[in-house]
Structures are given as structure tokens and as C-alpha cells.
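Topology and contacts: notes
Spelled out from the first residue to the last, the chains are:
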Amino acid sequence: MKCPNCGFDLPGRLRKPKTNDGGLLTALRLAVSVADQRAHLPAPGGILLRSRDGHLVLAAMDIQDWFETDLPGVPFGGPDVIVNGRVLCHEAARLGPLALHATGSDDSVMLHVTGSGRNSSDLPTMKAGDFPPRPPVPGPASEGVFDAGTLHRALARVWSAISDDSNRYGIGGLRAEVGLVAGRWPVPEGVCRFVATDGNQLRYADVPVEGACRPPDGKLWSRESVERAVAMLATEETRARLTFTERHVTLAIGRCTLVSRLLDGEFPDYRKCLGEPGPHEVTVEAAALVAALKSVLPFALDRCHAVVLETGYDALTVSASSIDTGSKSVAVPTTVVGGDAKVGVNAKMMLDTLSVLDGPSVTLRFGGPVDPIYAEEPGFMGVVMPVRLY
């Protein structure tokens, strides 16, 4: 299921439900995605429910993130408790709008869940005192205010380029840049750039920002935290705040807050690692190129999904071959600048990059057979590394 705001394919546990429940099910799905599910830590693996002026405030945490949201449309009474988030999420999806009430003695408190009609259930709880406190966020802070929809779109476009290899510390998160106005690919004033790479592809997206937003050097926003931030930003709220300290980033939007611990890691200097885009330039209809890549993908090598992009007089030929499946080529009408060229590329990574472009057409720039392929739009750049052709 794709997010209606940006087209980002939300994981099932983070999809926004179509229910009028005061935002409870959406908040529970976010909380469950954050809650530490390690069996030997039952309290952090649950969700903290607190009462504030008769309505619900819930919180969840793991080693990386703290999530908290205020739900004035969901009544809650009784003492603060910890509950199994997955079970409560199941009940919220099954029963519809809920009323929650915690009752019992100090040693045995049950959460009474009342849904629409006569549906109800009772869930066991743990003491709220066993839940870890919200982590302190020390140090000077710098805050930036963003348009929520624009920030949501930018993070969604670069998120999947973050490396999921936990051993590659320098690229295991998202880098934020501001104020780099010199050199290649400068960051304009009043813009925050988010950059991600997994070593085989790189993307950046620029977002206008208000305020003195100053992300710390040598720190990265983790892949899991960015995924949760994208889900939080899929909302009707119009403004979002990002606050950076030396070790944390806090995203606040509406009544939701996500505090994430930043990772230590020196992000590679992509301006030096990547050469200048080559002289070959191809402008092609994005949908036609996507269709061609999908058409030849079954014929590509299984290990690296290698396909060949070859420019001609007025067409871009997409082809693939292997001993087991044979060969296939598809010609896509295009405008070519710079003469004939041939380059190999990972078809799945190319499709992933094309899927986050906004325009109906795309301009690809590349050089020789071992040079990167660049796809640029205003405020966005995607780079896919080549596959060596033998």
C-alpha cells in the first residue's frame, strides 16, 4: 500500500487505517513498530498508557527511539500501566473506537477495553514504574521548521537508499547537511539536504527549512528511525519541527514526538567519490523506461540483475541475457546527446530510483561503462553505480 501523500510504499504495520478512532490505531501501529520486542525485556517491549485530563497518552521505546503521542479523542481512566502493544493494536483494529479503563489493586491491574456495541476485553498489565524514563536530550539544540508534506516526500525518496548492513557504520543512516554553498552539488541557503547511500546507489533530496537548523557532523539518523519518521509524517498536519543536538534528533509534528539517538559514523564525501556526470545524456519517458526494465528483468542475471543500457540515434535500448533464460531487448524512443554509449546497471536499483521521481520524463547522464548513472530533478539527485559488462 502506498502513502497517498508521497507514493512511498508503507510497511503493513505503519499503514494509516480508515477508521474514526481518534487516531488510536495509527498511533498503536507506530508504537508497536518502536517497542523493543526482545523477550527478556518485557517492560520496554510493551506500551506505556498514561492518563492526562481523562484522555490517553501512550509511549513506546527501544534502544534507538522514544515515541510519544497525546490522543485527546481516546478516553482513558485509572492508573498508568504497561500493556502488550500488539494485543491492544489487534483489539483496536477489531473493535473500532475504544474506551480504555485500568482497574484493580496495586499488584494486579487489568486494562478493560470497550469497543463499539457490547464488545469488550480485559488485558493484563505491568506496573508503569517498570517502564524506562524518557531519555534526556542534553546539549545545545538547533531547530528547523519544515513543511510536513515536503519533508515527508524527501525522507520517503531517500529512505530506501540507506544501507541495511549493520556493519557498515558510515552508511547505515541518513546524513543531514546545511549551509554548504561551495563546490560541486552545493546546498543553498535556507535548505536542508538529506543524503543516503548503500554503496551501490546514492540519493539526496533538498527541503526548504526555516530557522537555524544545524545537524552535527559525524552523526547519522538510523534507517529504522527514518522509516518511523516517514510514517509519522503521513498526516494532515502542515508543519513539522526537527531539533538536532549533539547526540539526538527530535521530530515533532502535531501531538506526536519521536526522539532518536543519532549514530556515530563518518558519512563518505560523496562529492569526491563521484566524478562529474559524463557527456552522454538521454531524456526518456519515465513510464516507458520502467516498462522496458521490467520487461527484460526476468532475462537478467540473478546475482546482480544486470541489464545493458545502450544509446543509439534516437532510441535507448534496454537488454538483458543469460545462459539459462536467453536474451531480450526493448527499444525506448528518446532524445540522445553525446553520441553512442553502453553501460550496465542493476535493474532493480534503477527501478527503485525511477520510482521516486516526480516528473513524467527523466534525464539520465553517464560516461563510460564504469561510470555512475545520474538521474536529477530540481531538489533531488539519484545515482546508481554501474555493473561491469564482461
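Source: prediction; values computed, not measured. (Residues numbered from 1 in each chain as written. Predicted model: local features only at pLDDT ≥ 70, side-chain atom pairs only at ≥ 80, totals over all residues. Heavy atoms only, no water.)

Here we look at the nonpolar core
Note the threshold: Residues belong to one nonpolar core when they are buried, are Ala, Val, Leu, Ile, Met, Phe, Trp, Tyr or Cys, and are joined through side-chain atoms within 4.5 Å. Buried residues are those whose accessible area, probed at 1.4 Å on protein chains only, stays under 20% of the maximum for their type, while exposed residues exceed 50% and partly exposed ones sit between those limits. A run of H or I in DSSP becomes a helix once it reaches four residues, and a run of E becomes a strand once it reaches two; helices and strands are each numbered from the N terminus. Any two residues whose heavy atoms approach within 4.5 Å at even a single point are treated as in contact.
Counting residues in hydrophobic clusters, the biggest one holds 97 residues, and the most contacted among them are Leu49, Leu58, Leu88, Leu111, Leu155 and Phe194. In terms of residue count, the dominant contributor to this core is helix α1 (residues 24-34) (eight residues). In contact with Leu58, not counting residues within four places along its chain, are Leu24, Ala27, Leu28, Ala31, Ile47, Leu48, Leu49, Phe67, Glu68, Thr69 and Leu71. Formed by 11 residues, the second largest nonpolar core is a distinct cluster that contains Tyr204, Phe267, Tyr374 and Met381.

Quick word on helix α4 (residues 223-233)
Counting buried residues in α4 gives 10 out of 11 residues, a clear majority hidden from the surface. Considered for burial, the residues of α4 that qualify are Arg223, Ser225, Val226, Glu227, Arg228, Ala229, Val230, Ala231, Met232 and Leu233.

Focus: the packing of helix α3 (residues 148-159) against α4
For any two helices packed against each other, the geometry is given by the interaxial angle and the distance between the axes. The criterion, for reference: Only the stretch in contact is used when fitting a helix axis, every axis being a line fitted to C-alpha atoms; angles between N-to-C directions are given from 0 to 180 degrees. Here a crossing is called left-handed whenever its near helix is offset anticlockwise from the far helix by less than a right angle, and right-handed whenever the offset is clockwise. Any residue that is not Ala, Val, Leu, Ile, Met, Phe, Trp, Tyr, Cys, Pro, Asp, Glu, Lys or Arg is counted as polar, Gly included; the first ten are nonpolar and the last four charged.
Running from N to C, α3 and α4 point in directions that differ by 145°, and their axes come no closer than 9 Å. Of the two elements, α3 crosses α4, and the hand of that crossing is left-handed. Of the residues in α4, those in contact with Ala148, Leu151, His152, Leu155, Ala156 and Trp159 of α3 are Arg223, Val226, Glu227, Ala229, Val230 and Leu233. By residue class, the composition of the contact of α3 with α4 is nine nonpolar, one polar and two charged.

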